Each structure stands twice: as structure tokens, then as C-alpha cells.
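Next come the chains, spelled out residue by residue.
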Amino acid sequence: MANRRETVAMVGAGQLARMSWQAAISLDLGLVCLGAPGAAAVLAGADLVEGSGYDPDALRALAARGDVLTFEHELVDLDAIRAMEEAGVTVRPSSTVLALAVDKLHQRRTLSSWGLEVPAFAEAPDPGAVQAFAQQHGSPVVLKAVSGGYDGRGVWMCSSQWEITAAFEDAAAGGLELYVEEAVELAGEAAIMVARSPSGSVAVYPLVATRQVDGMCREVVLGAEMAVTTEVAAAEIAVSLARRVGLEGLMAVELFVTGSGRVLVNELALRAHNTGHIHTEAAVTSQFEQHLRAVLDLPLGDSSPVVLAAAMVNIVGTADGSDPAERRAEALAVPGAHVHLYGKAARPGRKLGHVTVCADTTERALERARAAADRLEGNG
Ligand SMILES: Nc1ncnc2c1ncn2[C@@H]1O[C@H](COP(=O)(O)OP(=O)(O)OP(=O)(O)O)[C@@H](O)[C@H]1O
Ligand SMILES: [Mg+2]
């Protein structure tokens, strides 16, 4: 009798789950996701348990369908996850590790207690505390949601008392708790992806340069000129953190790089990440396949690059609400364009897909990826 197919249960059913499903098909693994019927992964045929990551019953129903429980986002009830671990469910990464991504203030405190450089930060119970912080660290300051932020939602850059008050009003309306940090003078931003399996193997991907617009990742470049010291520092941070936290799965480390070459940790994500999409074409093993391998304790894949340069550009919904899929053919006419569309309903500002182009120089890769993205967004 054939064995039951090994199955990964994933909290979330968006584009990251959809691309994980794409990888699961190749390995003949099962993938069951938690989300809504129209979600990107479900439209592509992944199995669904309907519900939210904040619903303990839905989480239990999901876990019962897989051999291991993992995540495509961190909008989850951590207490429920802890209770499931105690009841014997295999959760990777564990609730203790996931807590770092769920609570950004906890993340800042933990990383700084481990001697990693992070922006100066403090609790921000009220505007007065923020003013006191600004007096000490200078203005502007950055207010951030402790939990629940993504794509720049939950980040307020504030230069005035008025902006601080407005941020608190916004946060209160969304039920968000805030903390404050210094605004770092950025020479650039970068990200690095690392995987660790329960048996202790580690695979680190090459460092990529990232460009955010309004807090949302828009472009990622592999092969961009970066100081060797930055590359070494980034890889050391990623690998040592993966070991220190006892990572089981995938972790993206978002980094701030300053003009003087300091490398600060901005944020950890304990899952596949937008800055890792580029590795689908630019590395031997995609982040999505790597995540499945890691959480099932299969041998990790080779994470080394297969090209000299590559660029990934996100497709973001435009003001007219039109569907980029209508312009697919125009984008595919760009040489080397790998077009990924998520099947999501087009809404302004929503991530709807991405394009990756590999080339022999970053300039050519970026030029082509931008050209294809512009065509999909209807600007080309
Ligand atoms: N302390 C800071 N100093 C300077 N710029 C910052 C700071 N914090 C955030 N930013 C800018 O805002 C962007 C988004 O911030 P952050 O990564 O914390 O938010 P996020 O919404 O959680 O993003 P993600 O979608 O990556 O999870 C950063 O990539 C950076 O460009
Ligand atoms: Mg970020």
C-alpha cells in the first residue's frame, strides 16, 4: 500500500503559500493552507482549511491535516500555538522562535541583549514617551506597531509633534500598540535568507540589496556592489541567529546599511519572504522548496547563486484597479522575464505579482525586470 503523502500544514494561503504549493508539487508533497476560499494558494489548487490564524479551533483543524505546522505569515494566536506544541503537534519554527516575528519589541529587546546592532528603541505608551525619546536620539523618529504590521502598514516616520499625535490616533483606531525607534540614516537596505533544519544543517543565501517605497519592498537585486565586510557581516548575523534561536525552517533578515558601513538588523521574518523571491531563478534551490525541505527535516538544498546578477521587481496594483494579467503577453516579450502572477484580485497598492530577470550585470537585469513590471502595471 502506498504511504500517505507527507503534508505540510501552513498558516496562511496567500502568494507565499501559493509558491510553496508550486514547490510542493515538484516534490510530490501535500500542502494544506489556512485562509479563505478565494486566497491565492487555494485558487492554484492547494488544500484549504477555512479560518484565521487567530482562531485556535481553525489552527487545530489545520494541524490535524499535516505532519508539521508552519507559517506564511505571523498573524497568529501564539498562545494557541504553544498549547498545540504542548499537546504534541510538531510546529516549525517553534512558538518561541515565532514570537520574535509576532512581537517586534520583543525582537528588538532579544537581538540587542544578544549584542546585535539594532536601531535605538524604546516602549512608546504615549506621545510624551516619544518626545522624551526624540530629545535623546534626535528627530525624526519611527513609530512602529509592536504586532500586526506589514508592507509599511504599521510604520510611521514622524518629524513633528503633530505627526506623532496622528500616528497614535491611527494606531488606536487599528487597536495597535506602538514602540519607537531612531530613524537610521540609510545608505541602503539589504536582506539575507537562511534555512536551518531540525537536524542542524544550515544553508545561507547570498545577500541581496533591497529597495522599499513607502515601506513596501519594490525591488531586489542580486550581485549589486556591496562591501565585502557587509556581505560577511550579513552572513554571520544570519547563520549565528539561526543557530542561536534554534531555527527550524526559513528566516529572512532585513538589514539597514549606513554610510559608514554599519550593518543593523531591521527585522526578522520566520518564513518565506518577498526579498527571497529572486532565488527561485537566481539560486540552485528556491526559498519555497527550501522551506518545505527544512520543516520536514529533508536534506537542505544548495543555496548558492547560479547567475552573476538578477533583479526582482514587484507588481503592485495601480489606481485604475486593472488586472496585470491582461498585459501578460507584453511583459513576456521582454527578454528573460520570469513573470509570476498571484491570481489575486487587483486593488491599488496590493502586491499582485513579481518579475525576475537574470543577466550578466545588475544594470541589465534591473532594466529588463523594470521594463516587464512597467508593462504589467500598464506604464510601459
Ligand atoms: N528605524 C528606521 N530608520 C529608517 N528607515 C526605517 C526604519 N524603520 C523602517 N524604515 C523604513 O521602512 C521600511 C519598512 O519598515 P519595517 O521593515 O520595519 O516594516 P514592515 O511593514 O514590517 O515591513 P515588512 O513588510 O518588511 O514586514 C523599511 O524597509 C525602511 O525602508
Ligand atoms: Mg520590513
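Since we're looking at a predicted model, the values are computed, not measured. The residue numbering used here restarts from 1 in each chain and proceeds along that chain's sequence as written. Starting at A for chains and at 1 for ligands, labels are handed out in the order in which the entities are written. Under the rules for a predicted model, residues below a pLDDT of 70 receive no local features and side-chain atom pairs below 80 are neither given nor counted, while totals for whole chains, interfaces and linings still include all residues. Side-chain metrics rest on all non-hydrogen atoms present in the structure, leaving aside hydrogens and water.

Draft legend 1. The pattern of salt bridges, seen in detail. One side-chain nitrogen of Lys or Arg within 4 Å of one carboxyl oxygen of Asp or Glu is enough to make a salt bridge. The final tally for this structure, using the stated rule, is 16 salt bridges. One salt bridge connects D79 with R82, and the closest N-O pair in it is separated by 2.7 Å. One end of the pair is D79 and the other is R82, both in helix α4 (residues 78–86) and 3 residues apart, which spans about a single turn. Taken together, the salt bridges that share partners define one network made up of R108, K144 and E181. A run of DSSP states H or I qualifies as a helix once it reaches four residues; a run of E qualifies as a strand once it reaches two. Both are numbered from the N-terminal end.

Draft legend 2. Spatial organisation of the site of ligand 1. The nearness test applies per residue and asks whether one of its heavy atoms lies within 4 Å of the molecule or strand. Taken together, 20 residues lie around ligand 1, and K144, D151, G152, E189 and E254 are the ones closest in. Separating an oxygen atom of ligand 1 from a side-chain N or O atom of K144 is a distance of 2.7 Å. Throughout this description, a polar contact denotes any pair of N or O atoms lying within 3.5 Å of each other; where both atoms belong to protein, one of them has to be capable of donating a hydrogen while the other can accept it, and for residues adjacent in sequence the pair is counted only when both atoms sit in side chains. Between ligand 1 and the protein, one listed contact pairs an oxygen atom with a side-chain N or O atom of E267 at 2.8 Å. Here, Shrake-Rupley sampling with a 1.4 Å probe gives the accessible areas, and only protein chains in the shown set may cover a residue. For ligand 1, whose free accessible area comes to 620 Å², the fraction covered by protein is 90%. Side-chain classes are defined by residue name, with Ala, Val, Leu, Ile, Met, Phe, Trp, Tyr, Cys and Pro counting as nonpolar, Asp, Glu, Lys and Arg as charged, and the others, Gly among them, as polar. Residue composition of the shell around ligand 1, grouped by class: 8 nonpolar, 4 polar and 8 charged.

Draft legend 3. Spatial organisation of the state of the cysteines. Only a pair of cysteine sulfur atoms within 2.5 Å qualifies as a disulfide here. Scanning all chains against the criterion turns up 0 disulfides. C358 provides the cysteine sulfur closest to C217, a residue in no disulfide bond, and the two sulfurs are 16 Å apart.

Draft legend 4. The arrangement of the pairing of strand β2 (residues 30–35) in detail. Type-normalised accessible area, obtained with a 1.4 Å probe on protein chains alone, sets the label of each residue: buried when under 20%, exposed when over 50%, and partly exposed for intermediate values. A large share of β2 lies buried, amounting to 6 of its 6 residues. Here β2 shows no split at all, with G30, V32 and L34 on one side and L31, C33 and G35 on the other all buried. As judged from the 5 bridges shared by strand β1 (residues 7–11) and β2, these two strands associate in the parallel manner. Each bridged residue has a counterpart across the sheet, and for V8 the counterpart in β2 is L31. Bridge count between β2 and strand β3 (residues 47–50): 4 bridges; the pairing is parallel. Looking at β3, one finds that V32 is bridged to D47. Only when DSSP finds a minimum of two bridges between them are two strands counted as paired.

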